[in-house]
Amino acid sequence: MSDALTSTDIKAATDTERLPQPMTQPLRQATYKTQNNDFIVNEVLPLDFTGEGEHLWLHIKKSGINTAYLVKLLSEWAEIPLRDVGYSGLKDRHALTTQWFSLRIPKKQLPTSEFAPVDISKNESVTIIAQHWHHKKLNRGTHRANQFTITLREIEFASNIAATDAKQATEQHLATISKTGVPNYFGPQRFGYEGNNIAEALRLFARPIPASKPKTKKSKRKRAPREQNTMELSAARSLIFNEILAARVRVGNWDTGLAGEVFNLDGSGSIFGSEAIDDALRARMMSGDIHPTGVLWGVGNDKVSGMAAQLESDIVKNNALLTQLAMGLEQRDVKAQRRALRLPIEALSWEWLDDASDSNEQALILSFTLTTGSFATSVLASIVQHLQLGSA
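Here is a short report on the structure shown in this document. (Residues numbered from 1 in each chain as written. Predicted model: local features only at pLDDT ≥ 70, side-chain atom pairs only at ≥ 80, totals over all residues. Heavy atoms only, no water.)

### Some details on the overall build of the chain
Convention followed: In this description a helix means any DSSP run of H or I spanning at least four residues, a strand means any run of E spanning at least two, and both kinds are numbered starting from the N terminus. We call a residue buried when its accessible area falls under 20% of the maximum for its residue type, exposed when it is over 50%, and partly exposed in between, using a 1.4 Å probe and counting protein chains only. Residue contacts follow a heavy-atom distance rule, with two residues in contact if any of their heavy atoms lie within 4.5 Å. Accessibility throughout is a Shrake-Rupley quantity obtained with a 1.4 Å probe, and a residue counts as covered only by protein chains that appear here. We treat Lys and Arg as the positive residues and Asp and Glu as the negative residues; His and chain ends play no part in the count. For the purpose of locating charges, the reference atoms are NZ of Lys, CZ of Arg, CG of Asp and CD of Glu.
Across its full length, the chain holds nine helices and 16 strands. For the chain, the spread of C-alpha atoms along the three principal axes comes to 70 × 60 × 50 Å. For the chain, the residues scored as buried account for 45% of the 392 residues in total. Taking as baseline every contact in the chain between residues at least 6 positions apart, the subset at least 24 positions apart corresponds to 82%. On the chain, roughly 20,600 Å² of surface is accessible, and the fraction owed to carbon and sulfur atoms is 50%. Averaging the positions of the 45 positive and the 43 negative side-chain charges in the chain gives two centres separated by 11 Å.

### Focus: the packing of aromatic side chains
Heads up, the rule is: Any Phe, Tyr or Trp ring, taking Trp's six-membered ring, that has another such ring centre within 6.5 Å forms a pair; planes under 30 degrees apart are called stacked, those over 60 apart edge-to-face, and the others tilted.
One pass over the structure, following the stated rule, counts twelve aromatic pairs. Seen from their ring centres, Tyr-87 and Phe-101 are 6.5 Å apart, and the 45 degrees between their planes marks the pair as tilted. Of this pair, Tyr-87 sits in strand β4 (residues 85-87) while Phe-101 sits in strand β5 (residues 96-104); the two residues are 14 residues apart in sequence, bridging distant segments of the chain. The exposure classification of Tyr-87 matches that of Phe-101, with both residues buried.

### Focus: helix α2 (residues 67-78)
Along an α-helix, residues three or four positions apart point the same way, because every turn accommodates 3.6 residues. As a reminder of what qualifies: Expected span of a helix: the number of residues minus one, times 1.5 Å. The definition of a polar contact used here is a pair of N or O atoms within 3.5 Å, where within protein one atom must be able to donate a hydrogen and the other to accept one, and adjacent residues in sequence count solely through side-chain atom pairs.
The terminal C-alpha atoms of α2, which comprises twelve residues, lie 16 Å apart, in line with the 16 Å expected from a rise of 1.5 Å per residue. Among all positions in α2, only Thr-67, Leu-70, Val-71, Leu-73, Leu-74, Ser-75, Trp-77 and Ala-78 are buried. Buried residues along α2 sit in contact with β3 (55-63), β4, β5 and β6 (125-134). Between a side-chain oxygen at the N-terminus of α2 and the backbone nitrogen of Ala-68 the separation is 3.4 Å; the capping residue is Asn-66.

### What about unusual backbone geometry?
If you check the backbone angles, Lys-108 has positive phi at about 55 degrees while not being a glycine. Among the secondary structure elements, Lys-108 is positioned in the loop between β5 and β6. With a phi close to 50 degrees, Glu-154 is a non-glycine residue in the positive phi region. Following the sequence through the fold, Glu-154 ends up in strand β7 (residues 145-157).

### Some words on the nonpolar core
Selection rule: Definition used in this section: a nonpolar core is a set of buried Ala, Val, Leu, Ile, Met, Phe, Trp, Tyr and Cys residues joined via side-chain atoms within 4.5 Å.
With 42 residues, the main nonpolar core has Ile-198, Phe-205, Ile-240, Leu-321, Leu-325 and Leu-329 as its most contacted residues. If you list the elements that add at least two residues to this core, you get α1 (7-13), α4 (196-206), α5 (230-251), β11 (290-296), α7 (306-317) and α8 (320-331). It is α5 that contributes the most residues to this core, ten residues altogether. Once you skip the residues sitting within four places of it in the chain, Leu-329 turns out to touch Phe-205, Leu-233, Ala-236, Arg-237, Ile-240, Trp-297 and Val-334.

### A look at the environment of Gln-388
Looking at where Gln-388 falls in the secondary structure, it is placed in strand β16 (residues 384-389). Here the alpha-carbon distance between Gln-388 and Lys-61, two residues 327 residues apart in the chain, equals 26 Å. Excluding residues that lie within four positions of it along the chain, Gln-388 makes contacts with Gln-29, Ala-30, Thr-31 and Tyr-32.

### Remarks on the packing of α4 against α8
Put simply, the test is: Axis lines are fitted to C-alpha atoms, over the contacting stretch for helices. Their N-to-C directions set the angle, which ranges from 0 to 180 degrees. Angles are sorted into four bins: roughly parallel if under 35 degrees, roughly antiparallel if over 145, roughly perpendicular if 65 to 115, and oblique for all others. Crossings are sorted by hand: turned counterclockwise from the far helix by less than a right angle, the near helix makes the crossing left-handed, and turned clockwise it makes it right-handed.
Contact pair α4 / α8: the axes reach a minimum separation of 10 Å and the direction vectors enclose 55 degrees. Classed by the angle they form, the pair α4 and α8 counts as oblique. Between α4 and α8 lies a crossing of left-handed hand. When α4 is examined against α8, the residues Ile-198, Ala-201, Leu-202 and Phe-205 are found in contact with a partner set consisting of Leu-321, Gln-324, Leu-325, Gly-328 and Leu-329.

### Here's the deal with the sheet that holds β11
Stated formally: When DSSP finds two or more bridges between two strands, those strands count as paired.
Spatial ordering of the open sheet is given by β10-β9-β11-β12, a layout of four strands whose pairing is antiparallel. Edge positions in the open sheet fall to β10 (271-273) and β12 (337-340), since each of these has one partner strand only. Across the sheet, the axes of successive neighbouring strands diverge by a mean angle of 45 degrees, strand direction being ignored. Where β11 lies against β12, four bridges are found, and the strand directions are antiparallel.

Have a look at this one:
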């Protein structure tokens, strides 16, 4: 880590609560994850199973257990290597979640005992709710979206809203963001406790780059180098992206586009560039058909141009921490990618409840669906000024 940067600097830089929002949040404070079922996540993975093949797909409901540990339990139960257990995405430990796993079981020789892990505490649970045979392994990033049901408790409304109008103002805000979307920030979990993942990235970049192994004559097949230190590299790119998006939110062009912009086609990985913004592009942005993008930093960031490219370059050059992270990514030949600046919210609905823990308190239940790779905490941040993590 650079001597010029301290842990205090990194903690402040990775504090996602400081990131600007297009509108003032109607809730001054709220708590989430007071208990596991206050944060419910269901994987959206539409798939027709063949009923054949050697991969057993399990639809599992879990609480209090993270995905990686459940993968370990499944591999031990089926007596197969960890690499033969497939899953699409990581799900939070402190939540009630449903997700799919696949187990490669040669000759369909299932274990004699049912899956009933004993190495879990009384606050942890695992239940198989469906199973199917299929001819393919479940790969990372296969699911289309995640459906969330999140309960906010200990709500305090913003001071600029009259108490009699607080619920109505909150509902108006929710109705607005359901149409406009919210800034597609990376959530605080990407950076680790007090930004520790960024500190680790700086330590990584301070070390010499390992020499690549010479190619053997027998090996004719081209192989991509194995990606190492994924967590650190991802955190570095995420922080740069968040700062670029924050700059655009402050000036109000995060969802309207700039000359030289690269656009993302909604609901897909397709992107295209445009040297100028015309009425047709403005109409497509307004309808939500396309979204402006920001760079996930790396080499080969050549699709963006003009004002959009200049803004991204200036944000990095004028920030010592971002400059170090960008140089480290480039030196390790990480390839640049693009990410939508705007996060659409599908099927947003809400319900007010009396908080059972305090008859004088209100609880707000939010339900919505987000595309894979986005963060529910970014939706919550657009609603709550100070979001508190509960004790779940």
